[in-house]
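Coordinate inspection notes
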Amino acid sequence: MCAVLLICCSYLSYQFLTDNFSFVYVFENSNKFLPTFYKFSAFWSAHEGSFLLMILIMTLSMAFNNFFFWEKKWLPLSNATIAFITFFYLIFLIFTSNPFLTFDVMPKNGTDLNPLLQDPLLVIHPPVLFSGYVFYAITFSLVIAGMFKGFEQALFKNLKLWAGISWFTLTLGILLGSIWAYYELGWGGYWFWDPVENVALLPWLAGTAFTHSLVFSRNKILLSWMVFLGISVFLLSILGSFIVRSGILNSVHSFASDPSRGVFLLSLFALFSFASIALFFSRSVFLQSDWPKFLSKQYLLVLNNLVLLVILLIVFLGTLYPIATEVFYGQKLSIGPDYFSQLITPLVLILICLFSVEQFPSLLREHRNVFFTSAIAITAGIIALEFLDFSPISFSLIFVLVALVIMLLRAIAEFFKTKEVAIMHKILGHFSVVLLTFAVLFNHQYSESVDLKLKPGQSTEFADSSLEFKSIEILGKENFDTVVANFYVKDKNFQADVISEKRVYKIGGIITSETGIASFPTKDYHIVLGDRFQDGSWSIRYSINYGIMMIWASSFLLLFSMLYGTIRRYGY
Amino acid sequence: MVTRFFTVVVLVLLITMLGIFSYSLNQKSAQLELIKTQEGKQLAIGKEIYDLEGKKIEKEFLTDGKVLLNVWASWCITCLVEHPFLKSITATKDVKLVGINYKDQINNAQNYLEKNGDPYVLSIYDLSGDFSLKLGVTGAPETFLIIDGEIVSHRIGEVNIDVWNEKFAKYF
Amino acid sequence: MKNLQNTFRLLLILSLSLTAEQLYEGLNEEQLQRLTYLSDNIRCPKCTYGNISSSNAPISKDLKEEIAELIIVGYSDQEIFNLMEDRYGEYVILKTDPSKNRSLFIIPLIVLLISILLISTYTIKKSK
């Protein structure tokens, strides 16, 4: 099965690389003047090809799983599940999204690949993201197998490996998307709480809860909870596919007027959800396991998962609410980033509370009452602050800083005690989450921007920095012409040359703005070239974004600890 | 037991959600635009308006009878695609087509009309885009049908034979 | 070379006309803050996503200038939101009003509190 798909994909790639525009898909997404690297990546730039790619990765992973996972007990069921999924996906592909459709007459040249997609980051982001979803399909198949054949250590070992790989890949995929948005779209932000982004976040949140619940597999606690989460991650990723690919986001009407794709995806989702929930329902008797003790580590984990799932609920509601209002009231509503950040920030703080506390299990046992009351007090305080709108961000910043310090101390203490950090990845991982939260809050609170009007040769001052507009020149490249503006930014500690461009793509006439970014450890300088005034001056948007490098650094640290943890655990 | 109860709750929520999605399939109305069209509003003319020759345009010119306002510009590629259709519609039907030259320099606009033909009775000169902004224009091309000062039909995007039949034909 | 000339001509075509309110010279500190707040919460009508603050589309810049003018003339924040909503529809307002969308805010809170309560009481009961 895997081999067949490999052949299909190579065939399609070949058509792209040889500019065979008789294929509709190639025509729509490629062009004679496109650099070869992008001709190859155009394969997964749109719906049909990317779906084919997903199926390919799924079969590849299944082959991999068969090859390396020696426990024959669960393999057949796992394979069966994947085959089942692949079968339906292929039907969907052939009937509604065939990348191999052809024209009767071959056009001379194609329409171009969207310039936004002509970026190395956006070339790797989709495959990585799809891999994340696909790997979670594998964990789903293993969970299903476990439901029928029982959960034993051997299965858990494999499950942990796949869960770790999936989590790592999905996180990486989302992170790459964020990085691309920041550097390529250049609006100074990295996350807009847009439905398309949220839809990738939903499986990630469930995946985080799932991976954490695997931690206690040794004692077989909360088995049914873990199984349910495993199923949810997979279902959420299919739901995500439906929402993004059906057109329902544009407008309910665009979905209704060309429903073939959407209906098929929706039915797929319905099929898999009913099937897995039915299975879960029937097998739940066999998933009986222990329940944690009050205020034990496992109990805290349950609370942790709970908060994560409430965050999931918020993202879910915020994404689906506009669709629901449109269906019932005909009015299209926007849920802006404010809604999400306002509600999720206190929950994240609570999470940080929880897992910081979890680092000190001994203290927990001894001073139970103190912890209990202080926990309630802090939680109530955080929630109240949110609704009182009492400069919560500065408070949150300080709070997070305190948590950071605590974790650091804990790590150092452990290091000195044992001369070796046993669960480094755990401490490192949680530490990086706290660091990330801090960086995000820091960025949100202190970043600023200004709109300027400058002539080449002029300089100006803003927020402890000076900006000099050096020159303007016009250049021509392979598939676009560009106006290049050179700037020089200087502040107390750093200085840099920054280049900002405005490009006109030759085919299609699309105009894009390439933001000039100078990155330093604590802040980024952002320059967007606007339009030219009649007197020769240019409109420029100059922004100072704090903490961006810190955000990337802590994210990569998190990724590293995930990877390290997965490899380490598998070694047990 | 707890798990089974929980499962049932999830199932109910799932069915609700699927229901909403399926119900949405019944909504096949024509309106595909995210941004509200300006239909139903009165045409508001604030400051004075001039045509491409510099002559002043009286308010009544736009508010009396049936006027088809078309937003265009020499730099707008889709407008060029729409242009032949506009020429054919003014040639075959009695349509008072008034252009709004959007964010365009006068000589570029005049060159465009010379080169491609001028289906407009006249074109309003709107270099700043202010008139268009107040009208509710978000870009070019856009077309408004105004009858006695009220916007009865508004198309965001280019006009071709299908759009014409759907949005404007019934008024002529 | 011809292409480059065309590009430059294209850019000249896109040149803006000079008016007094360009780049918000008429606004004081507090008004600039209001402008930032308003532009962060109004969606660009022509873009897939983004507010008028971060978007490069001509309509976004125009809207930002218009809002600047409205601020100077004395419109309040809510009046400006109403004007935009009136012109483009509710879709263009990114701010989510709690009083109009109560369920969005109440549901997560209730779910959180009830589930913590349920889990805790169940755990304590089981521990006995």
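Structural data are supplied above this passage.
I will try to describe carefully the structure that is included in this document. This is a predicted model, so every value here is computed, not measured.

It is worth spelling out the interface of chain C and chain A at this point. If you look at the interface, chain C gives 49 residues, while chain A gives 52 residues. Of the roughly 4900 Å² buried between chain C and chain A on both sides combined, carbon and sulfur atoms contribute 70%. Summed over the shared surface of chain C and chain A, the number is two salt bridges. With its nearest N and O atoms 3.0 Å apart, the salt bridge here joins D451 of chain A to K64 of chain C. One can count seven residue pairs in polar contact (both at pLDDT 80 or more) joining chain C with chain A. For the side of chain C that touches chain A, the elements supplying multiple residues, two or more each, are helix 1 (2–13), helix 3 (58–73) and helix 5 (102–127) of chain C. The element that contributes the greatest number of residues to the side of chain C that touches chain A is helix 5 of chain C, accounting for 17 residues. Looking at the side of chain C that touches chain A residue by residue, the classes come out as 25 nonpolar, 18 polar and six charged.

On to the pattern of salt bridges, then. For the structure on display, the rule yields 18 salt bridges over all chains. Notably, a salt bridge pairs K103 of chain B with D62 of chain C, separated by 2.8 Å at the nearest N-O pair. Pair noted here: K103 of chain B is in the loop between strand 4 (97–102) and helix 4 (106–116) and D62 of chain C is in helix 3, and the two residues belong to different chains. Each of the two residues, K103 of chain B as well as D62 of chain C, counts as buried.

A separate point is a negative patch on the surface. All names here are of chain B. Together, E58, E60, D64, D148 and E150 give the surface a local cluster of negative charge. Position of D148 among the secondary structure elements: in the loop between strand 6 (142–147) and strand 7 (150–156). Under the relative-accessibility criterion, D148 is labelled exposed at 55%.

A few words on the nonpolar core. Judged by nonpolar contacts, the single largest core of 133 residues is most densely connected at Y89, F210 and Y339 of chain A together with F21 of chain B. The element that contributes the greatest number of residues to this core is helix 6 (residues 120–149) of chain A, accounting for 18 residues.

All names here are of chain C. Spanning 16 residues, helix 3 covers 23 Å between terminal C-alpha atoms, matching the ideal 22 Å at 1.5 Å per step. Counting buried residues along helix 3, 12 of its 16 residues qualify, which places the element largely inside the surrounding structure. When we look at burial in helix 3, the residues that qualify are I59, S60, K61, D62, L63, K64, E65, E66, I67, A68, L70 and I71. Just past helix 3, the residue G74 takes up positive phi, approximately 120 degrees.

Residues and elements named next belong to chain B. All chains considered together, the criterion is met by one disulfide over all chains. Put simply, C76 and C79 are joined by a disulfide, and their sulfur atoms are 2.1 Å apart. Judged by the sign of its S-S torsion, about 90 degrees, the bond between C76 and C79 is right-handed. The pair formed by C76 and C79 is uniform in burial state, with each residue classed as buried.

Take the packing of helix 2 (residues 29–40) of chain C against helix 3 of chain C next. All names here are of chain C. Contact geometry of helix 2 with helix 3 gives a least axis separation of 10 Å together with a crossing angle of 135 degrees. In this view, helix 2 runs oblique relative to helix 3, as classed from their interaxial angle. For the pair helix 2 and helix 3, the sense of crossing is right-handed. Within the contact between the two elements, helix 2 uses Q31, R34, L35, L38 and S39 and helix 3 uses K64, I67, A68, I71 and I72. Residue classes in the contact of helix 2 with helix 3 are distributed as six nonpolar, two polar and two charged.

Glancing now at the environment of W72 of chain B. If you trace the backbone, W72 of chain B turns up in strand 3 (residues 66–72). Residues W72 of chain B and A140 of chain B, spaced 68 residues apart in sequence, show a C-alpha to C-alpha distance of 5.6 Å.

The next point concerns the packing of helix 9 (residues 223–245) of chain A against helix 11 (residues 260–283) of chain A. All names here are of chain A. In the contact formed by helix 9 and helix 11, the axes pass within 8 Å of each other and the chain directions differ by 175 degrees. Taken together, helix 9 and helix 11 sit at an angle that is classed as roughly antiparallel. Between helix 9 and helix 11, the contacting residues are S224, V227, F228, I231, F234, L235, I238, L239, S241, F242 and R245 on the first element and R261, G262, L265, L266, F269, F272, S273, S276 and F280 on the second. Its residues assigned to classes, the contact of helix 9 with helix 11 shows 13 nonpolar, five polar and two charged.

Once that is clear, we can look at the packing of aromatic side chains. Applying the stated rule across the entire model yields 29 aromatic pairs over all chains. Judged by centre distance (4.9 Å) and plane angle (15 degrees), the rings of W193 of chain A and F340 of chain A are stacked. Taken together, the residues W193 of chain A in the loop between helix 7 (153–185) and helix 8 (195–214) and F340 of chain A in helix 13 (residues 337–357) connect sequence positions 147 residues apart. Here W193 of chain A falls in the buried class, since its relative accessible area comes to 16%. Take F340 of chain A: its relative accessible area is 0%, and that puts it in the buried class. Through a chain of ring-to-ring contacts, three or more aromatic side chains come together here, namely W191, W193, Y339 and F340 of chain A together with F105 of chain C. A cation over a ring is seen here: K453 of chain A above F533 of chain A, with NZ or CZ 5.5 Å from the ring centre. Here the guanidinium or amino end of K96 of chain B rests over the ring plane of F61 of chain B, the centre of that ring lying 4.2 Å away.

About the cut-offs
Residues numbered from 1 in each chain as written. Chains lettered and ligands numbered in written order. Predicted model: local features only at pLDDT ≥ 70, side-chain atom pairs only at ≥ 80, totals over all residues. Heavy atoms only, no water. Contact = heavy atoms within 4.5 Å. Buried area = accessible area lost by both parts, 1.4 Å probe. Salt bridge = Lys/Arg side-chain N within 4 Å of Asp/Glu carboxyl O. Polar contact = N/O pair within 3.5 Å; in protein donor to acceptor, adjacent residues only side chain to side chain. Helix = DSSP H or I, 4+ residues; strand = E, 2+ residues; numbered from the N terminus. Nonpolar A, V, L, I, M, F, W, Y, C, P; charged D, E, K, R; others polar. Buried < 20%, exposed > 50% of the residue type's maximum accessible area, 1.4 Å probe, protein only. Patch = residues over 30% accessible without salt bridge, like charges linked within 9 Å, V, L, I, M, F, W, Y side chains within 5 Å. Areas by Shrake-Rupley, 256 points an atom, 1.4 Å probe, with all protein chains shown as cover. Lys, Arg positive; Asp, Glu negative; His and termini not counted. Charge placed at Lys NZ, Arg CZ, Asp CG, Glu CD. Core = buried A, V, L, I, M, F, W, Y, C linked by side-chain atoms within 4.5 Å. Expected span 1.5 Å × (residues − 1). Disulfide = S-S within 2.5 Å. Axes fitted to C-alpha atoms, helices over the stretch in contact; angles between N-to-C directions. Parallel < 35°, antiparallel > 145°, perpendicular 65-115°, else oblique. Left-handed = near helix turned anticlockwise from the far one by under 90°. Phe/Tyr/Trp six-rings, centres within 6.5 Å; stacked < 30°, edge-to-face > 60°. Lys NZ or Arg CZ within 6 Å of the ring centre and 35° of its normal.

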